[in-house]
Structure formats: structure tokens, C-alpha cells
Amino acid sequence: MTGYVMAATDAGGERLGERVVPTAPTLGEAAEYGDRHRTDYVSVRHGHDDITLYGRDATGTWSVLVAHAPAAVVVDTRRRHDALCRPEPAWDGSPPVGYEYAPAPDGAHVLTAIDVSGEPFGQRVSSTAPTLAEAAGLGELHEADYVVAGRDDGDVVTLYGRDAGGSWSVIAADVDAETAEEVCLWFDLTQHYRGRSAAGTGPGGRAGHPLDHVPMPEGGRMTAAQAISLVVERIRERRLDHPVQGLAADRFAAGWSVYAPVDVDESDPMAFLDMPVGRSVFLVSDVGRVKEIPSAIPPQQAEDMFTAEEAYVRRKPAEERFMADLRDEVMRLDSASEASAGIGSFTIEPPAEEVIAAGASRLIAPIAQQLALLGPPGWDRLVAAFSFTVSGEVAQLRFRSGNRSTEVRVPEQIAVLVRRQRHLAARMPAGPWWRLLLTVSHSAGTNARITTEYDYGDQPFPDDHLLAPAHYRDDLAAYPRPHTPAWLSAHVGGAGAATRTAPQATGATTRPSPPRQDRTVPARPAQPGPVPVLDTQVRRKRLYADPQVITFGRHTLALDQVEWVSYTATHTATKRFLYPTTHDSTWDFAVGRYPYHGGPLVRVHFFQAGRRAEQPEEWTFLVNLARRYLEPRLLTELVARVRRGQTVTVGGSVQVNQAGIACARPRLSLPWESISAAQPYNGAIHVCRAGVEKPVLTVPLSHPNAGLIPDLFAALTP
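Residues numbered from 1 in each chain as written. Predicted model: local features only at pLDDT ≥ 70, side-chain atom pairs only at ≥ 80, totals over all residues. Heavy atoms only, no water.

Undergrad: Honestly, unusual backbone geometry in this entry has me stumped. Any pointers?
TA: Most of the time, phi is negative for any residue but glycine, and the peptide bond is trans. Residue Y594 is joined to P595 through a cis peptide bond whose omega torsion reads 5°. Looking at the element boundaries, P595 is found in the loop between β26 (579–592) and β27 (601–609). Not every positive phi belongs to a glycine, and R239 is a case in point at roughly 55°. At R539, a residue that is not glycine, the phi angle is positive and equals roughly 50°. Secondary-structure assignment places R539 in the loop between β21 (534–538) and β22 (541–545). (Helix = DSSP H or I, 4+ residues; strand = E, 2+ residues; numbered from the N terminus.)

This is the structure in C-alpha cells:
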């Protein structure tokens, strides 16, 4: 949007006048415009989330009520101001978030032309239910892509939308306002969103579209090494014609772009003939989703669309966003007034379990409505099955008409909506479903009947719905669960330990080198001294640790039950063409029980941006606690098991026994006498042959018990 839309409104948001001005109006110009239309409020919009509201108080004085705010904050501010200045408010009782409606006679139908954020452009009141043509006409009149219609005395609405080709249709019928907002944003993503542009960015860095920014995942960002490992798994799983060695990763807003670099001799004018043609690029999100992008799609466009998809799936529900915006605005106003209001904090209580469940279930009807549009004429029953994880998906859809059956492919656009529903369901105590089964039945002249089944893996999945073990490991990392079915744990563990062993593409991981000990005695005995205790808050979660127990949020483990430990510190420098280098630092600490993927664990992630980020004191405490009270026991147990003739696994894939070590990837087997040393270097444990400087095995320190390898080898080497 290049201009500013200035609108004179009443307290309920009904527009009494509107005009576009080339520059932002002054307070005097806004006041003059409001006086001319005999109203108390003027809003100036420049971008979806950039609205300035001017208001007149009871004395007739105009002022700026809120500046550069999203629509939900503007609506609430306007109503609170009107209630304060005019005890008899002129607005109706419609909800303060979502879509606004003009006052209308009881039982009337109200049509509102809106943009993707729900900002109204114009309204029409009718005594009868609108037709599709009437809704389309109102949208065309106001150059809007969406129209929402509902009875003034009801709480359900129907959302109409114009697709990329200009055709109007019903997007969601008879849903609540919050669900209409969800579906409207999904439709805009699939039909109209073409990537973020500089022209769509408002003052203060606010995005011009609700999907321009992706939320930070709760577990923190994925590392480049993990992204590369996921891509290698995808290439091998699907047997793609793509190299798996020497892959590089570039950071973008939602994750990593993984590709095979091509070195071209710029001095040779014919070198371009040797460049590979049609080689794909893989986009990997911070929660593990992998998407293959053909080389014909411009990289920036692909990354923008991928970011928008992740933003839609992972964004907070409307009510929580509204409360967060309200908190930020209240604290900003209190800070601007030098804390004259005395507001020390603004606490938002988490939503109740039934509220979360209702929000997830409300999306089932729009999903069923979209699936129904794919069916052949005359169908009377559809059966859909979705088997999803963050990195793998199976979607099946079949329509039946009498004795005939037709299978239909589920398009990617609907898969995005299903991902969103699963993400909302993931906030339930049981976690996200593994399978979603939908059945829709209807006959001519009757309403459709929708049957929904959430499958949490109580019974093994059918073979055509069962994904590879790596996909379930990725999902358990993104959505930790209090319980994993035994059969699924066996399926995940049966494929071997974690496969994310690729070295990091950028940055360095460091860990203090342990002191060398006598080779016949386990290293790092516990030292006497005061009992250390940590009790603090990290990302609004309680972090507590002492020599007996460690707790973070809802996850707790007693130290005497811990079977593996890992901790890493990583600094990543991201270099992009024509852009400044950015620096990010992450610190990870984790303890758990086997199986490594799916077993109980406590994981704490710290992140700081900047070249010289300081090491968190909490991370240092946890590392020292593990080295003093946990690692001596783990090391003693590992040494004792090997000396009893058992084979133990450390670092995720290194098998250790009395004869030596073995590893499946890379495939090697070494007797103890041929191993010279195992030392930490550049974020990994390097294992070298005697007389050979280059390591034959590199184990990232992020893998379970990888940090114990040097002392374990030292204790077992003859």
C-alpha cells in the first residue's frame, strides 16, 4: 500500500467517510476530518498491521490514542476510550477481536468487505441471507478479496473469498469468527501471497502481511548440521539423484536452505557448461519440515513462501495474539508515561485445556468442506486419512457413490490447513495426533455428517500409513510427549540411533577439554563441597537443578535415573551475498533416558544474537553440575559394562567393547591398539588412528554421551 487510508468511524467501527491521502495526516488534519463527519474517531491505515487511531474526548479535545498498532488493538482501544469518555457507548456487543460489524436491526444479515487482517472496508445490511453474487458484488465494489456475512443476532459467519483467478466462492460456511480468520489467512496464503516485499513493511519494522514473520519455535532454532542431516535422509529415503557429500546450508527466516555448492572457474569463459542443470534446493524448517524446491523457482520467492507456510502453521491463536498485543501496548503506554500508571507487570494466563481443544476441533469443518469440493458429482461419502509428522506426510482421500469408489489426490494447499490443525491439537496434554481420520456422509437434501478420529498410536498403524523411523524421531524432537507407545518406540529405535551426524556447515562448537586421568580409573570423580542449587526462569518456564534432580517446565528427571548427557555451545556466522554477516550463539544442555528419540528427557536451549554473546550462567551451572555429579557415574557404569564383556553405544552410533570400537556410519572397526587418541575439537570428538593425523571418526558433542568418549577410551585402552 503506497498511500494512507483515512476513515472517519463511529465507536463501533462503522465507516462514515473515507479517503486516500499520499502522506500521513497530522493530528490537526485528522481532527478536521472527524469534525467534518461529526464523529469522534478517525483511523489512518498504512499496511495491515499499521493503524493509527485519533479520538476526541468528552471535552472535545482530539489526541492520538494508539499509533502503528494492529487492528485488534485499535478496536479495543477505541471501545475502551468511548466507554471512558461516553458512558453510553454507541457500539454493539460484538467480540473485540476478529471481524467487526455495523449496528443493524435485530435479525438482519450483515455483509462486511474485509482484508486478510479483518480490517473492514465497507458494509451492507440486508433482511435476507446474501447470495454468492451479492457477496462478490460487495467485495468488488470495495476492491476487497474477502467478504464475511452473518446475522446480527447470531455467532456464526460465512466467509467468501476471491481466488487468484478472480472467481468468488464460499471458503468457510457457518463457522465462528475466530475460525473464519484462520481460514481467511490460509486462503490468502494459498491464493494471493507472493512473498514479502519492502513496500509492505510499515513503520517500526512491522510487517505488511500477517505471515511475513515466523514465530521462534519453543525448542529454539535448528542447527545447520541437523538441517543437512535431514536432507541427506530425504535424499536417501527417496533415492533422489542428488549428491549427499559436501552439502552447504544458508540461514533464512524460517530455517535453512540446503544445497550442493558448485565451484566455477571464473577465469574460464566456458566453465558454465559444466554446471549441473535442474539440481534441487531443499528448505528445512526449524521444526524439521523438508521441502524440495526445483531450481526453476527463484530462491527468494521459495524462501518467502516457505516462511509464510511456517508462520501460518505455528502462529498463536487470535485471542492469545490479541492479549499479547494488548500487553505490549499497555506496557508501552505505561513506559511512555514514565510508569505513572504504576503497572509493574502484565501476566497472561495460559488458555484452559477445553479452550485449546475447541480451537483445534473448529478447524475440522473447514477441512472437510475443502475436501468435499474435490469429489466427483454425486458422491455420498468421503473417507480421508492423514498420517503426519513434522518431516513426513501421508494423505489419502477416497470418495464413494453407491458401489463406485474414486481415489483423489490431496493438494498441498489443504495439507497446510491440516498441519495447522495438528499444531493447534499439539498443545493438548496428549500432544499432536499421529493420524487424523475423517469421514463425511451426506445425501441429497440433508446436512453432511462429519466423523472425526484422532489416532495417538494405541495400535500399530497400517503399513501404508507408517512413516520411516526418522520422521517420528523428528516429530518427537519438535513435540516432546509424556508417553510414546511401546510399538512406536521399538519402530523408532529399531532403525538404530540418531542419524544426524553430519558436521556443522558453519560456526564452531566448543567444550572444555577434560583433564587426562589414569587409564585404569574412571575420570572425573565427584568432589566434596557445598551443594549447588539453581532455581530460575528461562522463557517463562521454571528451571530447577540440584545434585538430585533437574526440572525444566513440565519435564523432570532424577539425576540417578539419567542414562545420557550432552551439552554444546555453538557460534554461527551466516554470510549472505550482498548482505551483512549475522552472528548467532546457541547453548544446549540435555539429559535423558533411552531410547534417545522418544524416551524421557529434559532439554534446555539458550540463544543470543550478536558477535560477542556472553555464555549464559544457567548453562554453565548445568554443565558443571553434570561434570561433577552425573558424568562420573555414567563413565563408571560404561567402563564396568565393557569389562564384563558387554557392548555399549556412545555418541549415538559408536559401539565399544573389549576388543575395540565399531561404527556403522562411517563403516569402520578398530582394535584398541590402533587408536591413538580421542580428543574434543571444533564441536566434536575426533578419533584418530595411530600415526595418522586426520581423524577416522568424528562424533558431534550434541550426541548422547559423546563427551564421555575421551575418558572412556582412555580407561579401556591397554
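Undergrad: Looking at this structure, I do not really get the sheet that holds strand β34 (residues 697–700). What am I missing?
TA: Remark on secondary structure: sheet strands pair via backbone hydrogen bonds, oriented parallel or antiparallel. Read from one edge to the other, the open sheet built from 3 strands follows the order β32-β33-β34, with strand pairing classed as antiparallel. Looking at which strands have only one partner, the edges of the open sheet turn out to be β32 (675–681) and β34. Strand-to-strand twist of the sheet, defined as the mean angle between neighbouring strand axes without regard to direction, takes the value 15°. Direction of pairing for β32 relative to strand β33 (residues 684–689): antiparallel, over a ladder of 6 bridges. Bridge assignment links A677 to a residue of β33, and that residue is C688. Sitting on the sheet, helix α14 (residues 709–716) is in contact with β32, β33 and β34, with an inclination near 160° to β32. (Pairing = 2+ DSSP bridges. Axes fitted to C-alpha atoms, helices over the stretch in contact; angles between N-to-C directions. Contact = heavy atoms within 4.5 Å.)

Undergrad: Whenever I open this one, the packing of helix α11 (residues 469–478) against helix α12 (residues 486–493) confuses me. Can you help?
TA: When two helices pack together, their arrangement is given by the angle between the helix axes and the distance between those axes. It is at 8 Å that the axes of α11 and α12 come closest, and there the two elements cross at 115°. What the angle tells us is that α11 and α12 run roughly perpendicular. Seen from above, α11 lies across α12 with left-handed handedness. Touching P469, Y472 and R473 of α11 are L488, H491 and V492, all from α12. (Parallel < 35°, antiparallel > 145°, perpendicular 65-115°, else oblique. Left-handed = near helix turned anticlockwise from the far one by under 90°.)

Undergrad: Sorry if this is basic, but what is going on with the confidence of the model for the chain here?
TA: Close inspection of predicted coordinates is inappropriate for parts of the model with low pLDDT. Per-residue confidence for the chain gives a mean pLDDT of 79, with 80% of residues at or over 70. Ranking the elements of the chain by mean pLDDT puts strand β20 (residues 508–510) last with 31 and strand β15 (residues 381–388) first with 94. Taken as a whole, residues 271–275 scores under 50 in pLDDT and shows 4 contacts with residues more than four places along the chain or in a different chain. A low-confidence stretch, residues 495–529 (pLDDT under 50), is modelled with 93 contacts involving residues beyond four sequence positions or located in other chains. (pLDDT = per-residue confidence, 0-100.)

Undergrad: How should the nonpolar core be read in this particular structure?
TA: The nonpolar side chains of a soluble globular protein tend to be buried with one another. Formed by 54 residues in total, the largest nonpolar core has its most connected members in Y312, L371 and F386. When neighbours within four sequence positions are excluded, F386 is seen to be in contact with L371, V394, A395, V410, V418, W433, W434, R435, L436 and L438. Membership of the second largest hydrophobic core comes to 53 residues, among which are L534, L557, L630 and V639. (Core = buried A, V, L, I, M, F, W, Y, C linked by side-chain atoms within 4.5 Å. Buried < 20%, exposed > 50% of the residue type's maximum accessible area, 1.4 Å probe, protein only.)

Undergrad: Got a minute to help me understand empty space enclosed by the protein in this structure?
TA: Take a probe with the size of a water molecule and roll it over the atoms, and the empty space left behind shows itself. Here the structure, examined in full by the defined rule, presents 6 cavities of 30 Å³ or more. Of the pockets and cavities examined, the largest cavity occupies roughly 160 Å³. At the level of elements, α6 (299–314) and α10 (412–425) are the ones that each hand at least two residues to the lining of the largest cavity. Here the lining of the largest cavity is built from residues that sort into 5 nonpolar, 2 polar and 6 charged. (1 Å grid on protein atoms, 1.4 Å probe; cavity = no way out; pocket = protein on both sides within 12 Å on 5 of 7 lines; lining within 4 Å. Points joined across faces, edges and corners; volume = space filled by probe spheres on them. Nonpolar A, V, L, I, M, F, W, Y, C, P; charged D, E, K, R; others polar.)

Undergrad: Explain the environment of I685 to me, please; I cannot follow it from the model alone.
TA: By the secondary structure assignment, I685 is in strand β33. Taking C-alpha positions, I685 is 9.5 Å from L708, a pair spaced 23 residues apart along the chain. Apart from residues no more than four positions distant in its own chain, I685 is found in contact with A678, Q679, P680, L697, T698, V699, L701, A706, I709 and P710.

Undergrad: Which parts of the structure should I look at to understand the packing of helix α4 (residues 177–191) against α6?
TA: Where α4 contacts α6, the two axes come as close as 11 Å, and the packing angle between them is 170°. The orientation of α4 with respect to α6, classified from their angle, is roughly antiparallel. Contact with α4, carried on its side by E182, L185, W186 and L189, involves M305, A308, E309 and Y312 of α6 and no other residues of that element. Taken together, the residues of the contact of α4 with α6 break down into 6 nonpolar, no polar and 2 charged.

Undergrad: How do you make sense of α4 when you look at a structure like this?
TA: Note: α-helices contain 3.6 residues per turn, so residues at a spacing of three or four share the same orientation. Helix length check: α4 (15 residues) gives 21 Å between terminal C-alpha atoms against 21 Å at 1.5 Å per residue, within 8%. Burial within α4 is extensive, with 13 of its 15 residues counted as buried. Looking at where α4 begins, the residue whose side-chain oxygen comes 3.1 Å from the main-chain nitrogen of E178 is D176. (Expected span 1.5 Å × (residues − 1). Polar contact = N/O pair within 3.5 Å; in protein donor to acceptor, adjacent residues only side chain to side chain.)

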